Amino acid sequence: MSITPDALEAELQTLYDRLYQPGDCLHGIAATPSALPGLVVRYREADGEYYFYVEDTVRRRLAGYTVFNRLVELDRRADRHLRAPHSKFAPPYQRRGLASAIYRRYLGAGHCLITGARQSPGAHALWHALAADYERGYVELRDKALRDLGPEVSETVRDDLHTRMVLLGRGWTMAALRAATGMVV
């Protein structure tokens, strides 16, 4: 079920208000300029999850955010190395490269990503675009265990709910990820 534009705007407004609410955990988090004028990126980490908020300082609103979630489906070893991203951006800020820039920043810092069970067409396209610069592989995630499926899979395998795509952050190889997570071949 997709979120309505009004519900998304309400969610983003609530988050924006929290950025300026003294005492809130979002209040006062650091901001760094983005590549686009008037936009800053705010960042925080909480319980092993990473949050990036894109603020439009000119219009005084939140353009959107990306969270790199932990997956309960992963065992402890894999949980230390893989996060599943989820982004929400208001329509005027979509297709401007904001999510891509955040994913690149995260991957460039040496973190690895894994898809959730389903991806939107936009997310799927973004992951394939990122795979031009970051190594991509497919894994099967079943009963908290990962199995390496290789760099390419058939459409039938790709569409299986247990099949996930991974993108390797800077400095990682698939062999290193297999060793770090206990993934089998």
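The coordinates are above.
Because the structure is a prediction, the values reported are computed rather than measured. Note on numbering: residues in each chain are counted from 1, in written sequence order. Whole-chain, interface and lining totals are the exception, using all residues; otherwise, since this is a predicted model, local features are given only for residues with pLDDT of at least 70 and side-chain atom pairs are given and counted only at 80 or more. Hydrogens and water are ignored here; the side-chain numbers use all heavy atoms of the structure.

**Student:** Got a minute to help me understand the pairing of strand β3 (residues 49-56) in this structure?
**Tutor:** Sheet faces and side chains relate simply in a regular strand, where the side chains alternate between the two faces. Across the eight residues of β3, eight count as buried, placing the element largely inside the fold. When DSSP finds two or more bridges between a pair of strands, those strands are recorded as paired. The secondary structure listing takes helices from DSSP runs of H or I that are at least 4 residues long and strands from runs of E that are at least 2 residues long, numbered from the N terminus. Where strand β2 (residues 39-46) and β3 come together, eight bridges link them in antiparallel fashion. The partner of Ala46 across the bridge, within β3, is Glu49. Taking the residues between adjacent antiparallel strands as the criterion, β2 and β3 are bridged by two residues, where Asp47 takes a positive phi near 55°. Taken together, β3 and the strand that follows it, strand β4 (residues 61-69), pair antiparallel across an intervening segment of four residues, in which Arg60 is found at a positive phi of about 55°. For each residue, the accessible area found with a 1.4 Å probe, counting protein chains only, is set against the maximum for its type, and the residue is called buried under 20%, exposed over 50%, and partly exposed in between.

**Student:** When you look at the environment of Tyr51 in this model, what are you seeing that I'm missing?
**Tutor:** Along the chain, Tyr51 turns up in strand β3. Residue class for Tyr51 comes out buried when judged on its relative accessible area of 17%. With 16 residues separating them along the chain, Tyr51 and Val67 place their C-alpha atoms 4.4 Å apart. Every residue pair with non-hydrogen atoms within 4.5 Å of one another is taken to be in contact. Ignoring sequence-local partners within four residues, the contact set of Tyr51 consists of Arg42, Tyr43, Arg44, Ala46, Thr66 and Val67.

**Student:** Would you mind showing me how to read the packing of aromatic side chains here?
**Tutor:** Any two aromatic rings considered together are summarised by their centre-to-centre distance and by the angle between their planes. A pair of aromatic rings is counted whenever rings of Phe, Tyr or Trp (Trp by its six-membered ring) have centres within 6.5 Å, and the orientation is called stacked for planes under 30 degrees apart, edge-to-face for over 60 and tilted otherwise. Tallied over the entire structure, the rule returns nine aromatic pairs. Ring centres of Tyr43 and Tyr50 lie 6.4 Å apart, and the angle between their planes is 20°; on these two criteria the pair is classed as stacked. Overall, Tyr43 belongs to the partly exposed group, its relative accessible area being 34%. In this structure Tyr50 comes out as buried when scored by relative accessible area, which is 18%. A centroid spacing of 5.0 Å and a plane angle of 50° characterise the contact between Tyr43 and Phe52, whose relative ring orientation is tilted. Cluster of aromatic residues (ring-pair linked, three or more members): Tyr43, Tyr50, Phe52, Phe68, Tyr103 and Tyr106. For the cation-ring pair, Arg44 lies above Tyr51, with the distance from its terminal atom to the ring centre recorded as 4.4 Å. By definition, being over a ring means that NZ of Lys or CZ of Arg is both within 6 Å of the ring centre and within 35 degrees of the ring normal.

**Student:** How should the pattern of salt bridges be read in this particular structure?
**Tutor:** Should their charged atoms come close, side chains of opposite charge can pair. Definition used for salt bridges: Asp or Glu carboxyl oxygen within 4 Å of a side-chain nitrogen of Lys or Arg. Inspection of the entire model under this criterion finds 13 salt bridges. Salt-bridge contacts for Glu73 lead to Arg164; the nearest nitrogen and oxygen are separated by 4.0 Å. Of the two residues, Glu73 is situated in the loop between β4 and α2 (76-79) and Arg164 in strand β9 (residues 163-167); the sequence distance between them amounts to 91 residues. Between Asp79 and Arg83 there is a salt bridge, with its nearest N and O atoms 3.4 Å apart. A residue is classified by how much of its surface remains accessible, and Asp79, at 11% relative accessible area, is buried. Connected through salt bridges with shared partners, the residues Arg70, Asp79 and Arg83 form a single ionic network.

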